[in-house]
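# Overview (structure and organization)
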Amino acid sequence: MPQLIITTATRERRQVALKPHDNTLGRGAYNDIVIESPQASRQHAVITVEAAFTTIRDLGSRNGTFVNGDRIESQALADGDIVRIGSHDMVFVAGDQEFSRIEAQRVPTVPGFPPDLDGGRDREDGHEPTMPHPPDNRRGKP
């Protein structure tokens, strides 16, 4: 099962096993993982553990959720990714999930993404798409 190794601003470390499905993170005591940092929102983010991969989604926090230094809205996690919420750094340990960093970058975190990656240029009818593509949702975009 995947885990987080959490390091606080005072360099205290703890290891937390992630349960299947949703794991809530935030300053509120009702969260699965309580982040004791004034920069963390009461309901800051959720980590969802599925059979093959794990994703993290920011819940509209004021100060943001960061993966490997990039502010994210939603992101697939790969072994060794560093998640930062407030003054806490968390290293994601994939455990028995065999999901590489390259595969994590390719997992769509929004339904319908990624759009047709070749821009429709190899369509059998030879026509370009008539509607523009949705906004790019690559890793690290705010």
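Here the structure is shown first, and the text comes after it.
The model shown is predicted, which means the values in this text are computed figures rather than measured ones. Note that residues are indexed from 1 along each chain, following the sequence as it is written. Confidence filtering applies because this is a predicted model: local features only for residues at pLDDT of at least 70, side-chain atom pairs given and counted only at 80 or more, and all residues used for totals across whole chains, interfaces and linings. As a rule here, side-chain values cover all heavy atoms of the structure and leave hydrogens and water aside.

### Re the sheet that holds strand S4 (residues 33-34)
- Paired strands, in this sense, are two strands between which DSSP finds at least two bridges. Only DSSP runs of H or I covering at least 4 residues are called helices, and only runs of E covering at least 2 are called strands; the numbering of each starts at the N terminus. Spatially, the 5 strands line up as an open sheet ordered S4-S3-S5-S6-S9, and their pairing is mixed. Edge strands, defined here as strands with exactly one partner in the open sheet, are S4 and strand S9 (74-77).
- Relative to S4, strand S3 (residues 21-26) is paired through 2 bridges, and the arrangement is parallel. Bridge pairing in S4 places Leu25 opposite Ile33.

### Considering unusual backbone geometry
- Phi is positive for Arg11, close to 70°, though the residue is something other than glycine.
- With respect to the element layout, Arg11 can be found in the loop between strand S1 (3-7) and strand S2 (13-17).
- Positive phi, close to 55°, is recorded for Asn68, a residue that is not glycine.
- In this scheme, a residue with accessible area under 20% of its type's maximum is buried, one over 50% is exposed, and one in between is partly exposed, where area comes from a 1.4 Å probe on protein chains only. Its relative accessible area of 35% is what places Asn68 among the partly exposed residues.

### Topic: the side chain of Asn23
- Take Asn23: it is sitting in strand S3.
- Side-chain atoms alone can form a polar contact between residues adjacent in sequence; in general such a contact is a pair of N or O atoms within 3.5 Å, and within protein one must be able to donate a hydrogen while the other accepts it. Here His21 takes part through its backbone oxygen, which lies 3.2 Å from a polar atom of the side chain of Asn23.
- Ignoring anything within four residues of it in the chain, the contact list for Asn23 reads Leu18, Asp32, Ala45, Val46, Ile47 and Val49. Two residues qualify as a contact provided that any one of their heavy atoms is within 4.5 Å of a heavy atom in the partner residue.

Read these as layout, nothing more, since geometry by itself doesn't imply function.
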